[in-house]
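Architecture and fold: a report
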Amino acid sequence: MADKTDSKNSKTKTTKTAGTTKAAGTAKTTKTTETKKKASSKKSTAAGSKMTSKKKTVKLDDIRAYIEDIVMSNLPEADGMSDKVRDAMVYAVEAGGKRVRPLLMYLTYKAFSVLNKAEDKGGVADKAPDKNIDFGGPGSHDKAIDYFMAALEMIHTYSLIHDDLPALDNDEMRRGKPTVHKAFGEDIAILAGDGLLNYAYETAVKSFIYCPGDTDVEKAMFILASKPGIYGMLGGQTADVVLTGKKPTAKQLSYIYSNKTAALLECAMTIGATLAGVSGEELDKLQNAAYYIGMAFQVQDDILDVTGNPEELGKDVSQDEKNGKVTFVTIYGLDKASEYVKQASDLAITLINETYSAFTAKAAKSNGVDTVAESENVYLKLLVNLVKQLIDRKK
């Protein structure tokens, strides 16, 4: 697997994923006549925004805190009747975690929104039909991205609850706390996972209140529905269960990793990019980048399961060996696994930077403004740094 996967280039992976991104990647973002007229008249404003971006100070910890608030504020409230399952849902999400998926979504959205006219807050702000809330200029998806971030974290958390069940991984600790089935019982844990999955879509569809008839939101919804499903995360989990106790081929192991782990990272980055107006070849390349991030992330997880500290990780180690699972480390050893992690992460970062350069050059040309260099985009820097942190993590 290592030699085959390491030799992939972005072109090869684009071919692999083109079919899965067709619905999300081929349509071009439409612009109203009014927005086109403003493009040339606000050239100086755009240039001013460019200069402002150089001075902007944005910290990853502040974004994390913002996302934490978004996720927690979108959880269901108690109603007196379903409180037991609701409490289990909240318990699982409150356990914390790195909020990797909403972070990737947000940073991708902000990095590729640098030339979006919504960023300068000009013109008539969009409003929800029933609320007097400004959330950006024409074409902005600043409110929609919040709902999608919360929804994806709910989906990720549901998958962890079910993964930890006795019938699957049978884990007793998650993020330093007893797993949901240990804290609430297996029956409530199953229902809590079901509840989070359903509530995720109930949350995401609120985007249409703010963006009625928006084709980018429609495409984002399709991505959110498909990536966690049978041809994504669920398919990877199924193969993982079926092959437990057996020695998978390199192709089977790659399928498990690319779907069980990478699919939700692809979901995060492609939703963020889609809501920023990215489409076509650029969207495919960002999906490829997320694929390599996911592969590197999972192999690093394999490494930590062998070398990690349970107290630092917040979960038990040597679980793969206990459950009879064959991993990248099992087949290729720690050295080869570490080498693959570096190669995959380097390729992911290269794809992100190349896509940004191509997208901003194209967007700048169509809007009649100067492009924004990679070095001037604080969100792009944070996105790349986040990828490095994920790959180099010790927990």
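See the structure printed just above.
Model, not experiment: these values are computed from the prediction.

Take the environment of Tyr356 next. Along the chain, the position of Tyr356 falls in helix H19 (residues 328-367). On a C-alpha basis, the gap between Tyr356 and Leu286 in space is 9.2 Å, while along the polypeptide they are 70 residues apart.

Attention shifts here to the pattern of salt bridges. Within the structure shown, the criterion is met by eleven salt bridges. The residue Lys182 makes a salt bridge to Glu172 at a minimum N-O spacing of 3.9 Å. Remark: Glu172 occurs in the loop between helix H9 (142-163) and strand S1 (173-174) and Lys182 occurs in helix H10 (residues 180-184); sequence separation between them is ten residues. For Glu172, a relative accessible area of 45% puts it in the partly exposed group. Three or more residues joined by partner-sharing salt bridges are found here, namely Glu68, Arg99 and Glu153.

Counting across every chain of the model gives nine aromatic pairs. Geometrically, the ring pair formed by Phe328 and Tyr332 is tilted, given 4.7 Å between the ring centres and 45 degrees between the ring planes. A residue pair is termed a helical-turn pair when its members lie 3 or 4 positions apart in one helix, as Phe328 and Tyr332 do in helix H19 at four residues. Here the aromatic cluster, defined as three or more aromatic residues joined through ring pairs, consists of Tyr66, Tyr106 and Tyr379. Positioned over the ring face of Tyr91 is Lys177, at 4.0 Å from the centre of the ring.

A positive phi is found at Arg99, a non-glycine position, where the angle reads about 50 degrees. Note that Arg99 resides in the loop between helix H7 (83-94) and helix H8 (100-112). Taking relative accessible area as the criterion, Arg99 reaches 3% and is therefore assigned buried. You will see that Asn170, though not glycine, has its phi angle at about 55 degrees, which is positive. Residue position: Asn170 is located in the loop between H9 and S1.

Rules behind the numbers
- Residues numbered from 1 in each chain as written.
- Predicted model: local features only at pLDDT ≥ 70, side-chain atom pairs only at ≥ 80, totals over all residues.
- Heavy atoms only, no water.
- Helix = DSSP H or I, 4+ residues; strand = E, 2+ residues; numbered from the N terminus.
- Salt bridge = Lys/Arg side-chain N within 4 Å of Asp/Glu carboxyl O.
- Buried < 20%, exposed > 50% of the residue type's maximum accessible area, 1.4 Å probe, protein only.
- Phe/Tyr/Trp six-rings, centres within 6.5 Å; stacked < 30°, edge-to-face > 60°.
- Lys NZ or Arg CZ within 6 Å of the ring centre and 35° of its normal.

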